[in-house]
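For reference, the chains in residue letters:
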Amino acid sequence: SQQGEEDPQALSIQEGENATMNCSYKTSINNLQWYRQNSGRGLVHLILIRSNEREKHSGRLRVTLDTSKKSSSLLITASRAADTASYFCATDTGRRALTFGSGTRLQVQP
Amino acid sequence: DVKVTQSSRYLVKRTGEKVFLECVQDMDHENMFWYRQDPGLGLRLIYFSYDVKMKEKGDIPEGYSVSREKKERFSLILESASTNQTSMYLCASSSSGGEGTDTQYFGPGTRLTVL
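Residues numbered from 1 in each chain as written. Chains lettered and ligands numbered in written order. Predicted model: local features only at pLDDT ≥ 70, side-chain atom pairs only at ≥ 80, totals over all residues. Heavy atoms only, no water.

Asks: Provide a residue-level description of the pairing of strand β11 (residues 110-114) of chain B, including the pertinent values.
Replies: All names here are of chain B. Burial along β11 is one-sided: Thr110, Leu112 and Val114 are buried, and none of Arg111 and Thr113, which face the opposite way, are. Note that strand β2 (residues 10-13) and β11 share four bridges and pair parallel. Following the sheet pairing, Val12 is matched in β11 by Thr113. Sheet topology places strand β9 (residues 87-94) next to β11; three bridges connect them, and they run antiparallel. What sits directly across from Tyr89, in β11, is Thr110. (Buried < 20%, exposed > 50% of the residue type's maximum accessible area, 1.4 Å probe, protein only. Helix = DSSP H or I, 4+ residues; strand = E, 2+ residues; numbered from the N terminus. Pairing = 2+ DSSP bridges.)

Asks: Tell me about the environment of Arg50 of chain A, and please be specific about residues and values.
Replies: Inspection of the secondary structure puts Arg50 of chain A in strand β5 (residues 43-50). With relative accessibility at 27%, the residue Arg50 of chain A sits in the partly exposed group.

Asks: Break down the sheet that holds strand β6 (residues 55-58) of chain A for me, citing the residues and quoting the values.
Replies: Within a sheet, adjacent strands bond to each other through the backbone by hydrogen bonds, running parallel or antiparallel. Residue and element names in this part refer to chain A. In space, the five strands of this open sheet follow the order β1-β3-β8-β7-β6, with antiparallel pairing throughout. The open sheet has two edge strands with one neighbour each: β1 (5-7) and β6. For this sheet the average axis-to-axis angle between neighbouring strands, irrespective of direction, equals 20 degrees. The pairing of β6 with strand β7 (residues 61-66) spans four bridges and is classified as antiparallel. (Axes fitted to C-alpha atoms, helices over the stretch in contact; angles between N-to-C directions.)

Asks: Could you give me a rundown of the packing of aromatic side chains, with the residues and numbers involved?
Replies: Tallied over the full model, the rule gives eight aromatic pairs over all chains. With 5.8 Å between their ring centres and 80 degrees between their planes, Tyr35 of chain A and Phe106 of chain B make a pair best called edge-to-face. Remark: Phe106 of chain B occurs in strand β10 (residues 105-106) and Tyr35 of chain A occurs in strand β4 (residues 31-37); the pair is interchain, linking two chains. Residues Tyr35 of chain A and Phe106 of chain B agree in their burial class; the two are buried. Arranged with centres 5.7 Å apart and planes meeting at 35 degrees, the rings of Tyr35 of chain B and Phe106 of chain B form a pair that is tilted. Here Phe106 of chain B lies in strand β10 and Tyr35 of chain B lies in strand β4 (residues 31-38), a separation of 71 residues in the sequence. The pair formed by Tyr35 of chain B and Phe106 of chain B is uniform in burial state, with each residue classed as buried. Put simply, the rings of Tyr35 and Phe100 of chain A together with Phe33, Tyr35, Phe48 and Phe106 of chain B pair up and form one aromatic cluster. (Phe/Tyr/Trp six-rings, centres within 6.5 Å; stacked < 30°, edge-to-face > 60°.)

Asks: Account for the nonpolar core, naming residues and giving values.
Replies: Met21, Leu32, Trp34, Leu74, Ile76, Tyr87 and Leu106 of chain A are the most contacted members of the largest nonpolar core, which has 21 residues in total. Looking at this core, the elements with two or more residues in it are β2 (10-14), β3 (19-24), β4, β5, β7, β8 (71-76), β9 (85-92) and β11 (104-109) of chain A. If near-sequence neighbours (up to four positions away) are discounted, Leu106 of chain A is found in contact with Leu11, Ile13, Ala19, Met21, Ile76, Asp83, Thr84, Ala85 and Tyr87 of chain A. Residues Met32, Ile60, Leu76 and Ala81 of chain B belong to the second largest nonpolar core, which totals 20 residues. (Core = buried A, V, L, I, M, F, W, Y, C linked by side-chain atoms within 4.5 Å. Contact = heavy atoms within 4.5 Å.)

As structure tokens, then:
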């Protein structure tokens, strides 16, 4: 079974709106990371949040982490058509490798 | 910038063939990974390596093997390709961070079709 599960599976919004994606996981973590994948391409790292952090910002991205609920959210503010991609959360549970969720497909309509 | 390259973007092979997927990174990273990606299943870890000649099974190692003879190169081998191994294969590398598993850098992927 997947360690990380993203919600929703798909999201369609208009340009300028905010997009929120959620990730839930099952076991304790060292850190949680978010990645982006454009169609048919490799993944690109967006942001890493450690287990002792609650919130982190990077440009238009805001990530929160609630270890008591074993969940994280990724907020993209003022979305653009170029943000159209799949977004994955990945958890570090201490086994030297990340475990990825199944992803959220984001479509931003111009 | 970190660069991770994969030998082919698209590959078509026949059932029973031996298939080699090559991955090279240029940032002297200790760790290298092979994933497969299928619709609705996300990325699933096949094998990873944290040092030359070292390998660890991931979540779905059956039907695959790996080789890491040099630090920069990590090969995925399908000993006898089967149609259920048709998938997108992604290679990644990372350094051994001080605290936990560090950022992974991905190659562009190889879309393998087994007929």
